[in-house]
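Descriptive structure summary
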Amino acid sequence: MFLSFFYLLRARGLNPSVGEWMTLMQALDKGLAKPDLLSFYYLCRGILITSETDYDKFDLAFLEFFEGVAASEDLSAQFMQWLTENRRMIDEERRLLEESIERSLEELWKMFEERKKEQKERHDGGNYWIGTGGTSPFGNSGYAKSGILAGGPGGQGRALQVAGERNFRDFRKDHIIDVRQFQTAFRKLRHYSSRIDAAKTELDIDETVEKTSENAGRLTLSYEKPRRNTIKLLLMFDTGGSMLPYSRITSRLFSAVSKSNHFKDLQFYYFHNCVYEKLYTDPRCKRGEWVDTDYVLRKYGPDYRLILVGDASMAPSELT
């Protein structure tokens, strides 16, 4: 059962290593997870997932694999009415929580089907019938360690409910890039700026952390000379043809660069498929609206940072 969960994680874009998987097995053998699905959820995520950008993928895979314990809508209208009215819990049932045992999914489903056949009336509290509250593993708003949720939300934020909230959906790395993300990336070019000959007035965070660590944790501040904005950027865009599917994201990139105000100089040129003897000054690559590539190479020296934007789709003859 657990091995198939490992392969599902791999199939859903996650990449837990065999070593990490063996660590999880050892943790389970040592009893580091309580006998409930929620503890297993956090233990798996803590060992197998090494980046918060993968938390959402993990939640989706967890929901997919353990969906059998999440809910069941195969109930009569009368059952559903019982489950959605007057949810409550008897205090004595809290004590019974510690005495409940963990059952396999197969056992839970077999017991669930038996309860549906036996039950003739609504039930709240208790540890046996399909109902609300109590420690029964069937129903909702109860305190069972694991079970089959039916007719409403879980009572204690169990594993599948936690995974279903997908609190990390905005942390994923496969989100569509927008203008703000481009602008954030361009700010990283600041480390190419020059230090001016002045007093050290800017806090050097990396050096401060290093010196503080060397000083047994006692804060030791370190300063550096301020930077001067010397970033010069030269962008060349591939346009038309095979680039049409990427026109929207290229437009976002162009907007982000145009709005940036931390470049000393910014220049744009365009080409089609490959850079030839001419570079266009207009994205439509109209004949005559160009400059010599040799002129660009002479004018913009090594103090410029060059970024080529394209899909590298060209015929071999265009390269030769």
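The text that follows walks through the structure, step by step, so that each part is easy to find. (Residues numbered from 1 in each chain as written. Predicted model: local features only at pLDDT ≥ 70, side-chain atom pairs only at ≥ 80, totals over all residues. Heavy atoms only, no water.)

Turning our eyes to something else, we now look at the overall build of the protein chain. Looking only at helices and strands, one finds 13 helices and 12 strands in the protein chain. Split into buried and exposed, the 320 residues of the protein chain put 37% on the buried side. Long-range pairs, those at least 24 residues apart, make up 64% of the contacts in the protein chain between residues at least 6 apart in sequence. Accessible area of the protein chain: about 19,400 Å², with a carbon and sulfur share of 51%. (Helix = DSSP H or I, 4+ residues; strand = E, 2+ residues; numbered from the N terminus. Buried < 20%, exposed > 50% of the residue type's maximum accessible area, 1.4 Å probe, protein only. Contact = heavy atoms within 4.5 Å. Areas by Shrake-Rupley, 256 points an atom, 1.4 Å probe, with all protein chains shown as cover.)

Quick look at the pattern of salt bridges now. In the structure shown here, the tally under the stated rule is six salt bridges. For the salt bridge of E207 with K211, the shortest nitrogen-to-oxygen distance reads 3.9 Å. Remark: K211 and E207 occur in helix α10 (residues 205-214); sequence separation between them is four residues, near one turn of the helix. With a relative accessible area of 28%, E207 lands in the partly exposed category. The class for K211 is partly exposed, based on a relative accessible area of 33%. A salt bridge links R284 to D282; the nearest nitrogen and oxygen atoms lie 2.9 Å apart. The exposed category is assigned to R284, whose relative accessible area is 60%. Using a relative accessible area of 14% as the deciding quantity, one classes D282 as buried. (Salt bridge = Lys/Arg side-chain N within 4 Å of Asp/Glu carboxyl O.)

Before going further, it helps to examine the side chain of T212. For T212, the position within the fold is in helix α10. Its relative accessible area of 14% is what places T212 among the buried residues. In this structure the side chain of T212 is engaged in a polar contact, spanning 2.7 Å, whose partner is the backbone oxygen of T208. T212 has contacts with G217, R218, L219 and T220, leaving out every residue within four places of it along the chain. (Polar contact = N/O pair within 3.5 Å; in protein donor to acceptor, adjacent residues only side chain to side chain.)

Taking the backbone nitrogen of D206 as reference, a side-chain oxygen 3.4 Å away marks D204 as the first, capping residue of α10. Once α10 finishes, A216 follows within two positions and takes phi at roughly 60 degrees, a positive value.

Before going further, it helps to spend a moment on the pairing of strand β9 (residues 265-271). Across seven bridges, strand β8 (residues 232-238) lies against β9 in parallel orientation. Pairing of L234 across the sheet is with Q267, part of β9. Handedness of the crossover joining β8 and β9 through helix α11 (residues 247-259) is recorded here as right-handed. (Pairing = 2+ DSSP bridges. Right-handed = clockwise from strand over helix to strand, strands pointing away.)

This brings us to the nonpolar core. Counting residues in each nonpolar core, the largest one holds 22 residues, and the members touching the most others are F5, L48, F58 and F62. Mapped by element, the contributors of at least two residues to this core are α1 (2-11), α2 (18-29), α3 (37-48) and α4 (55-65). (Core = buried A, V, L, I, M, F, W, Y, C linked by side-chain atoms within 4.5 Å.)

Within the fold, E202 resides in strand β5 (residues 202-203). Judged by its relative accessible area of 33%, E202 falls in the partly exposed class. Through-space distance from the C-alpha of E202 to that of P226 is 5.8 Å; in sequence the pair is 24 residues apart.

Under the definition given, this model contains 18 aromatic pairs. With a centroid separation of 5.1 Å and an interplanar angle of 45 degrees, the aromatic rings of F5 and F65 are classed as tilted. Here F5, found in helix α1, pairs with F65, found in helix α4; they are 60 residues apart in sequence, far enough to count as distant. Exposure remark for F5: the relative accessible area of 0% places this residue in the buried category. An aromatic cluster of three or more residues is present, and its members are F5, F40, Y41, Y42, F58, F62 and F65. Positioned above the aromatic ring of Y55 is the side chain of R45, whose terminal nitrogen or guanidinium carbon lies 4.4 Å from the ring centre. (Phe/Tyr/Trp six-rings, centres within 6.5 Å; stacked < 30°, edge-to-face > 60°. Lys NZ or Arg CZ within 6 Å of the ring centre and 35° of its normal.)

The next thing to look at is unusual backbone geometry. Backbone geometry places N273, a non-glycine residue, at a positive phi of 70 degrees. One can find N273 in the loop between β9 and β10 (278-280). Phi is positive for C285, close to 50 degrees, though the residue is something other than glycine. For C285, a relative accessible area of 18% puts it in the buried group.

The next point concerns the packing of helix α9 (residues 179-187) against α11. In the contact formed by α9 and α11, the axes pass within 8 Å of each other and the chain directions differ by 50 degrees. In terms of axis orientation, α9 runs oblique to α11. At the point where α9 passes α11, the crossing takes the right-handed sense. Of the residues in α11, those touching α9 at V179, F182, Q183 and F186 are I249, R252, L253, S255, A256, V257 and K259. Of the residues that constitute the contact of α9 with α11, the class distribution is seven nonpolar, two polar and two charged. (Axes fitted to C-alpha atoms, helices over the stretch in contact; angles between N-to-C directions. Parallel < 35°, antiparallel > 145°, perpendicular 65-115°, else oblique. Left-handed = near helix turned anticlockwise from the far one by under 90°. Nonpolar A, V, L, I, M, F, W, Y, C, P; charged D, E, K, R; others polar.)

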